[in-house]
Amino acid sequence: MHGAGNDYVYIDCFREKIENPEKIAVWVSDRHKGIGSDGLVLIMPSETCDFRMRMFNMDGSEAQMCGNASRCVGKYVYDEGYTDKEQITLETKAGVKVLDLFPVNGKVEKVKVDMGEPILRSREIPVLWKDENVINQVIDFHPEKYAITCVSMGNPHAVIFMEGIDKLELEKIGKKIENHPMFPEKVNVEFIEVLSPSHAKMRVWERGSGETLACGTGACASLVAAVLNDKLNRKATISLLGGDLELEWIEENNHVLMTGPATTVFQGEMEI
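Residues numbered from 1 in each chain as written. Predicted model: local features only at pLDDT ≥ 70, side-chain atom pairs only at ≥ 80, totals over all residues. Heavy atoms only, no water.

**Re the pattern of salt bridges**
- Evaluation of the coordinates by the stated rule reveals 15 salt bridges.
- For arginine 15, the salt bridge is made with glutamate 80, and the minimal N-O distance between the two is 3.9 Å. Note that arginine 15 is positioned in the loop between β3 (9–12) and α1 (21–29) and glutamate 80 in the loop between α2 (67–79) and β7 (87–92), a separation of 65 residues in sequence.
- Here glutamate 80 falls in the partly exposed class, since its relative accessible area comes to 29%.
- One network of salt bridges, in which partners are shared, links Asp7, Arg31 and Asp38. (Salt bridge = Lys/Arg side-chain N within 4 Å of Asp/Glu carboxyl O. Helix = DSSP H or I, 4+ residues; strand = E, 2+ residues; numbered from the N terminus. Buried < 20%, exposed > 50% of the residue type's maximum accessible area, 1.4 Å probe, protein only.)

This is how it looks when you write it as structure tokens:
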């Protein structure tokens, strides 16, 4: 399945038992020798929520949260008849997420996810920084210097605003920022080009995966960073390489809402 082009292989762990997801993630993600994906997602039962999600990057590392994957999990459990509720709770390593499902003719086409509150304190993101927050701080990544704003949406993000992101050599700079020593758990990197107060476009470098067509948590972090830097309204559309996401940072409860598509590409069996 994919959410705005951010594609993962999903395993139904109500039916299957997976012993080594880290190894399987590396294999299935290989676009030449495997199935081809940005990683692996396990759809699982939960003792505290309606469902549970575990997500692994293409290098086998486990991530705390993926917004696009969470939408696809919501679509799967509804479409497969595991639930008939149009609002469900999902257990993730980044906490409990509430999903609103929008079915059409019995199949979910769009999902809204309450992504919770953004984390801005440096030590909680985590970022090794002298101040409590990292907002529009110029960092030398040798030889490039970028003004970054750091936000966690359950996983760490460094957001950079610039023009001409289509021409950016992301392979070179993304890996360098991801592995910079100021990020002890590495970092996802978003490059944002603001088009209007309610619209921006984004390219993303995901830790452990490289450039992907979309990143839901990254889009949420980017909206927060844009509001903090007076670049976007609290409600805006962010256009990613794989499609558009609708974002809103609610002032009353500090939560970020993300709405976007969820698409099934194919189903099958694999021998592990």
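Continuing now.
**Looking at the pairing of strand β8 (residues 95–104)**
- Summarising the sheet, β7 and β8 pair through six bridges and their orientation is antiparallel. In the sheet register, threonine 89 faces β8, and the bridge partner there is valine 98.
- In this structure, β8 lies alongside strand β9 (residues 107–114), joined through seven bridges in antiparallel fashion. Its bridge partner lying in β9, leucine 99 is registered against valine 113. (Pairing = 2+ DSSP bridges.)

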